[in-house]
Amino acid sequence: MVILTVIIAFFTYLVWKVYERIAWLTGAMESHSDIMMRIEAKRGINGDPIKLVAWDPTIEPPPIKREHGEEIDVNTIYVYLPLDQRKNKPTWWGRVQALLRFP
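What comes next concerns the included structure. Predicted model only: the values in this text are computed from it and were never measured.

## Considering the overall build of the protein
- Helices and strands together make up the secondary structure of the protein, namely two helices and two strands.
- Secondary structure elements of the protein, listed N to C terminal, follow the sequence α-β-β-α.
- Computed over C-alpha atoms, the radius of gyration of the protein comes to 21 Å, more than 25% over the 13 Å expected from 2.2 N^0.38 for 103 residues, which places it beyond the range of a compact globule.
- Projecting the C-alpha coordinates of the protein onto the three principal axes gives extents of approximately 70 × 30 × 30 Å.

Printed below as a string of structure tokens:
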């Protein structure tokens, strides 16, 4: 029984370390994407830079009109603030509900 407990503890530790690496890689990829978006926004369209606006969706939804067949304005990009910087932070139950709604 002790050997089985040690084996389970070892595999639990391995899974924990793998998830740490996955979280690091995901964060690194997100940082790279964010930096590339900022560089391309500075470069802009035909020399006109694209405006990046930090937006907190817990205060109000972004003023974007999305409809089928309608052209999207790309002169302004609304970048959502991370959860820890938002004014109205979701509770743990709200985060669980958001995860369950994710398709």
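Now that the structure is up, let's keep going.
## Brief notes about a nonpolar patch on the surface
- A cluster of nonpolar side chains, contributed by Ile 3, Ile 7, Phe 10, Phe 11, Tyr 13, Leu 14 and Trp 16, occupies part of the molecular surface with about 750 Å² of accessible area.
- Within the secondary structure layout, Leu 14 lies in helix H1 (residues 2-43).
- On the accessibility criterion, Leu 14 (36% relative accessible area) is partly exposed.

## What about the environment of Ile 7?
- Looking at the element boundaries, Ile 7 is found in helix H1.
- Once the C-alpha coordinates of Ile 7 and Glu 30 are considered, the two residues, 23 residues apart in sequence, prove to be 35 Å apart.

## Focus on the pattern of salt bridges
- If you walk through the whole model with that rule in mind, you get four salt bridges.
- Its salt-bridge partner being Lys 17, residue Glu 20 comes within 3.0 Å of it at the nearest N-O pair. Highlighted residues: Glu 20 and Lys 17, both in helix H1, separated by three residues, approximately one helical turn.
- You can call Glu 20 partly exposed: its relative accessible area is 36%.
- In this structure Lys 17 comes out as partly exposed when scored by relative accessible area, which is 33%.

## Some details on the side chain of Asp 56
- Among the structural elements, Asp 56 can be located in the loop between strand E1 (51-55) and strand E2 (76-80).
- Among the polar contacts listed, one links the side chain of Asp 56 to the side chain of Thr 58, at a separation of 2.6 Å.
- Those residues in contact with Asp 56, other than ones at most four positions away along the chain, are Leu 81, Arg 86, Lys 87 and Asn 88.

## Structural notes on the environment of Pro 90
- Locating Pro 90 in the fold gives a position in the loop between E2 and helix H2 (92-101).
- Relative accessible area serves as the criterion here: at 28%, Pro 90 is assigned to the partly exposed category.
- It is 8.7 Å that separates the C-alpha atoms of Pro 90 and Thr 58, two residues lying 32 residues apart in sequence.
- The contact partners of Pro 90, leaving out residues within four places of it in the chain, are Leu 83 and Arg 95.

## Quick word on unusual backbone geometry
- In this structure, Asn 46 takes a positive phi of about 55 degrees despite not being glycine.
- As for its position among the elements, Asn 46 is in the loop between H1 and E1.
- Asn 46 gets classed as exposed once you look at its relative accessible area, which sits at 80%.

Rules used in this analysis
- Residues numbered from 1 in each chain as written.
- Predicted model: local features only at pLDDT ≥ 70, side-chain atom pairs only at ≥ 80, totals over all residues.
- Heavy atoms only, no water.
- Helix = DSSP H or I, 4+ residues; strand = E, 2+ residues; numbered from the N terminus.
- Rg over C-alpha atoms; globule rule 2.2 N^0.38 Å.
- Patch = residues over 30% accessible without salt bridge, like charges linked within 9 Å, V, L, I, M, F, W, Y side chains within 5 Å.
- Areas by Shrake-Rupley, 256 points an atom, 1.4 Å probe, with all protein chains shown as cover.
- Salt bridge = Lys/Arg side-chain N within 4 Å of Asp/Glu carboxyl O.
- Buried < 20%, exposed > 50% of the residue type's maximum accessible area, 1.4 Å probe, protein only.
- Polar contact = N/O pair within 3.5 Å; in protein donor to acceptor, adjacent residues only side chain to side chain.
- Contact = heavy atoms within 4.5 Å.

Don't take any of this as a statement about function, it's just geometry.
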